[in-house]
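Here is what each chain is made of, one letter per residue.
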Amino acid sequence: NSRPTNGIPEEDDDDATADEYTDERARDVITGRLVHGHIVDDNFPSPTMSAMSSSMHNMRLRNGSDDEPPPDNMLASFMSVASSYRPENGLGGTGDAAASEDEEEEALQNPEVETTITLVGNVRDKPVFIVDDMIDKAGSWIAAAETVVKRGGATSVYCMATHGLFGDDCLQEMEACDEIDLIVVTDSFPIPEEKRRVCRKLIVLDVSNLLAEAIRRNHYGESISMLYQHYAD
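Residues numbered from 1 in each chain as written. Predicted model: local features only at pLDDT ≥ 70, side-chain atom pairs only at ≥ 80, totals over all residues. Heavy atoms only, no water.

K.L.:
Which parts of the structure should I look at to understand the environment of histidine 163?
P.N.:
On the secondary structure map, histidine 163 appears in strand 7 (residues 156–164). Counting along the chain gives 27 residues from histidine 163 to aspartate 136, while the straight-line C-alpha distance between them is 8.6 Å. Beyond its immediate chain neighbours, meaning those up to four positions away, histidine 163 contacts Asp133, Met134, Ile135 and Ser188. Among the polar contacts listed, one links the side chain of histidine 163 to the side chain of serine 188, at a separation of 2.6 Å. (Helix = DSSP H or I, 4+ residues; strand = E, 2+ residues; numbered from the N terminus. Contact = heavy atoms within 4.5 Å. Polar contact = N/O pair within 3.5 Å; in protein donor to acceptor, adjacent residues only side chain to side chain.)

K.L.:
Just to check I follow, could you spell out the environment of valine 157 for this structure?
P.N.:
Within the secondary structure, valine 157 is located in strand 7. Valine 157 gets classed as buried once you look at its relative accessible area, which sits at 0%. Put simply, valine 157 and isoleucine 130 are 27 residues apart on the chain and 7.3 Å apart in space, counted from C-alpha to C-alpha. Those residues within four positions of valine 157 in sequence are excluded, and the remaining contacts are Val128, Ile130, Ala145, Val148, Val149, Glu179, Ile180, Asp181 and Leu182. (Buried < 20%, exposed > 50% of the residue type's maximum accessible area, 1.4 Å probe, protein only.)

K.L.:
Before we go on, may I ask you to explain the sheet that holds strand 4 (residues 38–40) in this structure?
P.N.:
Sheet strands associate in pairs through backbone hydrogen bonding, adopting either a parallel or an antiparallel arrangement. Across the sheet, which stays open at both edges, the 3 strands sit in the order 4-3-5 with antiparallel pairing between neighbours. Taken across any chain shown, the strands that pair with only one partner, and hence form the sheet edges, are strand 4 and strand 5 (114–120). With strand direction ignored, the average angle separating the axes of adjacent strands in the sheet is 50°. Pairing analysis gives 7 bridges linking strand 3 (residues 29–35) to strand 5, with the strands arranged antiparallel. Bridging from a neighbouring strand, threonine 31 pairs with threonine 118 of strand 5. (Pairing = 2+ DSSP bridges. Axes fitted to C-alpha atoms, helices over the stretch in contact; angles between N-to-C directions.)

K.L.:
What's the story with helix 5 (residues 139–151) in this structure? I'm lost.
P.N.:
Residues that lie three or four places apart on an α-helix share one face, since the helix turns once every 3.6 residues. Taking 1.5 Å per residue as the helical rise, helix 5 with its 13 residues ought to reach 18 Å, and the 17 Å between its terminal C-alpha atoms agrees with that figure. Along helix 5, the positions that sit buried rather than exposed are Gly139, Trp141, Ile142, Ala143, Ala144, Ala145, Glu146, Thr147 and Val148. Just downstream of helix 5 lies glycine 153, where phi reads positive at about 80°. (Expected span 1.5 Å × (residues − 1).)

K.L.:
How do you make sense of the sheet that holds strand 8 (residues 182–186) when you look at a structure like this?
P.N.:
Reading across from one edge, 6-7-8-9 is the order of the 4 strands in this open sheet, with parallel pairing throughout. Both edges of this open sheet fall to strand 6 (127–135) and strand 9 (202–205), since each of them pairs with a single strand only. Taken pair by pair, the neighbouring strands of this sheet meet at an average axis angle of 20°, ignoring direction. Note that strand 6 and strand 7 share 8 bridges and pair parallel. Across the sheet, residue methionine 134 finds its bridge partner in strand 7, namely histidine 163.

K.L.:
Please clarify how the nonpolar core should be interpreted in this entry.
P.N.:
Nonpolar side chains tend toward joint burial in soluble globular proteins. Ile135, Phe166, Met174, Ile180, Ile183 and Leu202 are the most contacted members of the largest nonpolar core, which has 26 residues in total. Listed by contribution, the elements that provide at least two residues to this core are strand 6, helix 5, strand 7, helix 6 (170–176) and strand 8. Broken down by element, this core gets its largest block of residues, 5 residues, from helix 5. Setting aside its immediate chain neighbours within four residues, isoleucine 135 contacts Trp141, Ala161, His163, Gly164, Leu165, Phe166, Cys170, Met174, Ile183 and Val185. With 5 residues, the next largest nonpolar core counts Leu34, Ile39, Leu108 and Ala143 among its residues. (Core = buried A, V, L, I, M, F, W, Y, C linked by side-chain atoms within 4.5 Å.)

K.L.:
Any chance you could explain the pattern of salt bridges here in plain terms?
P.N.:
Side chains that carry opposite charge are capable of pairing whenever their charged atoms lie near each other. Scanning the entire structure with this criterion turns up 7 salt bridges. Close ionic contact of lysine 137 with aspartate 136 constitutes a salt bridge, the shortest N to O distance being 3.3 Å. Overall, lysine 137 belongs to the partly exposed group, its relative accessible area being 23%. Taking relative accessible area as the criterion, aspartate 136 reaches 17% and is therefore assigned buried. Between glutamate 213 and arginine 216 there is a salt bridge, and its shortest N-O distance comes to 2.9 Å. With glutamate 213 and arginine 216 both in helix 8 (residues 208–219) and 3 residues apart, the pair spans about one turn of that helix. (Salt bridge = Lys/Arg side-chain N within 4 Å of Asp/Glu carboxyl O.)

In structure tokens form, the structure reads like this:
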């Protein structure tokens, strides 16, 4: 479909247009409301406003008046107590990762706190792979899975991590989540047999041969990067 000009093929206008950069994907942004760690509809009552309304009502009863507005400092305290969770060090920094995860999990499980989750990109009618270094707590995984399915229209969700720590009831909660299809981890961290038996979604990959070969190659000065290329193929 190219027309030669002075011996140099010239691209069609359609092809040139297709290669132009656009920010269309950047506009594929979907936000979801999370209450008690689960996606809710847009018309779902906000726990923020409910908590504030309840507090204002109680204060009016104490003051004996429905007309007098609360002082600004009291209103600010209502808003701060029930405001949406905004973790510090959101873009990185020196924050404690474990402490930050605990705070996030606590906010997700708090029925009086509404959080917001953002999905960037189009996943409609596509499978989604959610990948992280480890799975310890279920809250953020379930929230992400519900978001891509209920808000993004994804067909399936596969949760994948290197280390499966599965603290507390994490594995049982992910197993009970209808939006999660499979949970894939390696055996780099010991997973008790009783936990494996109760989760039909769990797949544990054996990495013993990979680690042993990496140690052998390192001992004899052989290429380790070639080993990972072999496993990738």
